[in-house]
Amino acid sequence: MNETEALAWIHSMSRFPKHPGLARMRRLMALLGDPQKQLRCFHVAGTNGKGSTCAMLASCLRSAGYRTGLYISPFVVDFRERMQIDGNMIAPQELAMLAEQVRPAVDRLCAENDPPAEFEVVTAIAFCWYARQRCDYVVLEVGLGGRLDATNVIDAPVVSVICTIDYDHTAVLGDTLTKIAWEKCGILKEGGIAVFSPQTDEAEAAIRAAAEEKHVSLFRPDPSEFRVFAEDLSGSDVQLCGMRLRIPLIGRHQLINCATAVAALLAAKDTGVRISEEQIRQGIAAVRFPARLELLGDHPAVLLDGAHNPSGARALADAIRQHLNGKRCVAVMGMLRDKDYTHALAALVPCFDKILTLTPDSPRALPAEELAASARLLGGDAEAMETPSAAIAHAVGLAGKDGAVVVCGSLFLAASLRPLLQQL
């Protein structure tokens, strides 16, 4: 099996499991020798900010000299982004080899009429790789929810982390913040340590109740102690958690993500993690994360953001108002039909002089014409485009050298447009 064959096999799995629950994932891992039991993990759940928080945690642990695995989803350009060690993606040949190793166990479950879903297979491959490579720590991003997520077969993590909770996947996780928070808090383990981002009152109450029930030591950074010294399209100079830091990611929401990551590292010191303030400072300054308000051009300013739900859209809108005020702003936008695109549009439409819509490369995509019509209903000047290259060229022309182009709405769109944007 080569990489192409391995990916074809992985993608042949269903998106959702036939039967919900962790029993199948536990059975799969047992057939593989339970490699996840060899790992020490920072387990990260939440609606928004998981990816950035994970990237910051991993960067800081690397700066402290630890061999650090990073598991994230989804990827932006290359599937192998999902599995990294010390900033390097899994090698194609190693991915193929591990897929071959995992396949007999998957075939056995299929024969038992309990086939695993794609995310479960990918997670199993990742666990095998991190154990094989003897990682000191693994930063593990939850795929969906937490309680029943495939990553939740790990033993008690070093620290459980709950990032910002908002409405998303409501058909699966519930239609209130209390229900969603309860699902996310499924990653909390009895007697463990947890850090959570500042939340709405409803979400925080649910987190505190779950932590009390499981006798979890709970920590939360205090936004009233944050101080911003300077900020622009290259990032922010801030003080938080008692430290002066340079965050090279754009947007005020990244202060919350950074504070959550730093608080998790400080809490982890009680478990034996040895990391200094200077190593945290170096790790945060070195962090990179594609398609999260990523600056890819200057004249015009070109920003790429994969925000795909109302909360992410509001964070993007805040950043546009803060950093692009007075510029002619043109959006290149595409969204998925199963997301709350109406409320996301409501946050974003007022930010743009023109919106060019595309159909993302996904079977769940909202057609460009429908997205444009929805934007026009909200007062936007929107036009559907046929191809990404035409949309980008038109957007750059409309924005002019002193304007801004913002590509947003879906990570599927970000994946297809990022290589084109890097050529500008």
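Summarised in this report is the structure supplied together with it. Not measured: the values here are computed from a predicted model.

1. Some points on the overall build of the chain
In step 1: Regarding its fold elements, the chain presents 15 helices and 17 strands.
In step 2: Taking 424 residues into account, the globule formula puts the C-alpha radius of gyration at 22 Å, and the chain, at 21 Å, falls close to it.
In step 3: With the C-alpha coordinates aligned to their principal axes, the bounding extent of the chain is approximately 55 × 50 × 40 Å.
In step 4: Per-residue burial for the chain yields a buried fraction of 57% across its 424 residues.
In step 5: In the chain, of all internal contacts separated by at least 6 residues, the share reaching a separation of at least 24 is 73%.
In step 6: Taking the average place of the 43 positive charges on the side chains of the chain and the average place of its 49 negative ones, the gap between the two points comes to 3 Å.

2. Thoughts on the packing of aromatic side chains
In step 1: Inspection of every chain in the model, using the stated rule, returns 5 aromatic pairs.
In step 2: An angle of 40° between the planes, with centres 6.0 Å apart, marks the rings of Tyr-71 and Phe-119 as tilted. With Tyr-71 in strand β2 (residues 68-71) and Phe-119 in helix α5 (residues 118-132), this residue pair connects regions lying 48 residues apart in the sequence. Of the two residues examined, Tyr-71 and Phe-119, each falls in the buried class.
In step 3: Considering the side-chain rings of Phe-75 and Phe-79, the 5.9 Å spacing of their centres and the 70° angle between planes classify their relative orientation as edge-to-face.
In step 4: A relative accessible area of 5% means that Phe-79 is categorised as buried.
In step 5: Taken together, the aromatic side chains of Phe-42, Tyr-66 and Tyr-137 make up a single cluster linked through ring pairs.
In step 6: Above the face of the Phe-229 ring, Arg-244 is positioned so that its terminal group lies 3.7 Å from the ring centre.

3. Let's talk about the pairing of strand β5 (residues 137-141)
In step 1: Counting buried positions over the 5 residues of β5 gives 5, a clear majority of the element.
In step 2: Burial along β5 is two-sided: Tyr-137, Val-139 and Glu-141 facing one way and Val-138 and Leu-140 facing the other are all buried.
In step 3: As paired strands, strand β1 (residues 41-45) and β5 are joined by 4 bridges and run parallel to one another. Within β5, the residue paired with His-43 across the bridge is Leu-140.
In step 4: The sheet contact formed by β2 and β5 spans 4 bridges and is parallel. For Leu-70, the partnering residue across the bridge sits in β5 and is Val-139.

4. Notes on the packing of helix α4 (residues 92-111) against α5
In step 1: Their axes nearest at 9 Å, the elements α4 and α5 cross at an angle of 120°. Looking at the two axes, α4 sits oblique to α5. Here α4 and α5 pass one another in a crossing that is right-handed. On α5, the residues that touch Glu-94, Leu-95, Met-97, Leu-98, Ala-99, Gln-101, Val-102 and Val-106 of α4 are Val-121, Ala-124, Ile-125, Cys-128, Trp-129 and Arg-132.
In step 2: Residues belonging to the contact of α4 with α5 are distributed by class as follows: 11 nonpolar, 1 polar and 2 charged.

5. Considerations on the packing of helix α2 (residues 23-31) against α4
In step 1: As a packed pair, α2 and α4 sit with axes 9 Å apart at the nearest point and diverge in direction by 135°. Of the possible angle classes, the one that applies to α2 and α4 is oblique. In the crossing of α2 with α4, the sense of the turn from one axis to the other is right-handed. Between α2 and α4, the residues in contact are Arg-24, Arg-27, Leu-28 and Leu-31 and Ala-105, Val-106, Arg-108 and Leu-109, respectively.
In step 2: The residue makeup of the contact of α2 with α4, split by class, is 5 nonpolar, no polar and 3 charged.

6. Some thoughts on unusual backbone geometry
In step 1: Note the cis peptide between Ser-73 and Pro-74, where omega equals -5°.
In step 2: Among the secondary structure elements, Pro-74 is positioned in the loop between β2 and β3 (83-85).
In step 3: A positive phi angle, near 50°, is found at Asp-34, a position not held by glycine.
In step 4: Along the polypeptide, Asp-34 turns up in the loop between α2 and β1.
In step 5: The residue Cys-241 is not glycine, and still its phi comes out positive at about 50°.
In step 6: Relative to the helices and strands, Cys-241 is located in the loop between β10 (235-240) and β11 (243-247).
In step 7: Of the residues examined, Cys-241 reaches a relative accessible area of 25% and is grouped as partly exposed.

7. Comments concerning the sheet that holds strand β12 (residues 294-298)
In step 1: In spatial order, the strands read β12-β13-β17-β14-β15-β16; together these 6 strands make up an open sheet with mixed pairing. One side of each edge strand has no neighbouring strand; the edge strands of this open sheet are β12 and β16 (382-384). Within the sheet, the average angular offset between the axes of one strand and its neighbour, ignoring direction, is 20°.
In step 2: Looking at chain direction, strand β13 (residues 301-304) and strand β17 (residues 404-408) are connected through 4 bridges and run parallel. When the sheet's bridge partners are listed, Leu-303 is paired in β17 with Val-406.
In step 3: Helix α13 (residues 368-377) contacts β14 (329-333), β15 (354-357) and β16 of the sheet and is inclined by roughly 170° relative to β16.

8. Regarding the side chain of Ser-52
In step 1: Looking at where Ser-52 falls in the secondary structure, it is placed in helix α3 (residues 50-63).
In step 2: Residue Ser-52 is classed as buried on the basis of its relative accessible area, which comes to 4%.
In step 3: Excluding its chain neighbours within four sequence positions, the residues that come into contact with Ser-52 are Leu-249, Gln-254, Asn-257, Phe-289 and Arg-292.

What counts and how
Residues numbered from 1 in each chain as written. Predicted model: local features only at pLDDT ≥ 70, side-chain atom pairs only at ≥ 80, totals over all residues. Heavy atoms only, no water. Helix = DSSP H or I, 4+ residues; strand = E, 2+ residues; numbered from the N terminus. Rg over C-alpha atoms; globule rule 2.2 N^0.38 Å. Buried < 20%, exposed > 50% of the residue type's maximum accessible area, 1.4 Å probe, protein only. Contact = heavy atoms within 4.5 Å. Lys, Arg positive; Asp, Glu negative; His and termini not counted. Charge placed at Lys NZ, Arg CZ, Asp CG, Glu CD. Phe/Tyr/Trp six-rings, centres within 6.5 Å; stacked < 30°, edge-to-face > 60°. Lys NZ or Arg CZ within 6 Å of the ring centre and 35° of its normal. Pairing = 2+ DSSP bridges. Axes fitted to C-alpha atoms, helices over the stretch in contact; angles between N-to-C directions. Parallel < 35°, antiparallel > 145°, perpendicular 65-115°, else oblique. Left-handed = near helix turned anticlockwise from the far one by under 90°. Nonpolar A, V, L, I, M, F, W, Y, C, P; charged D, E, K, R; others polar.

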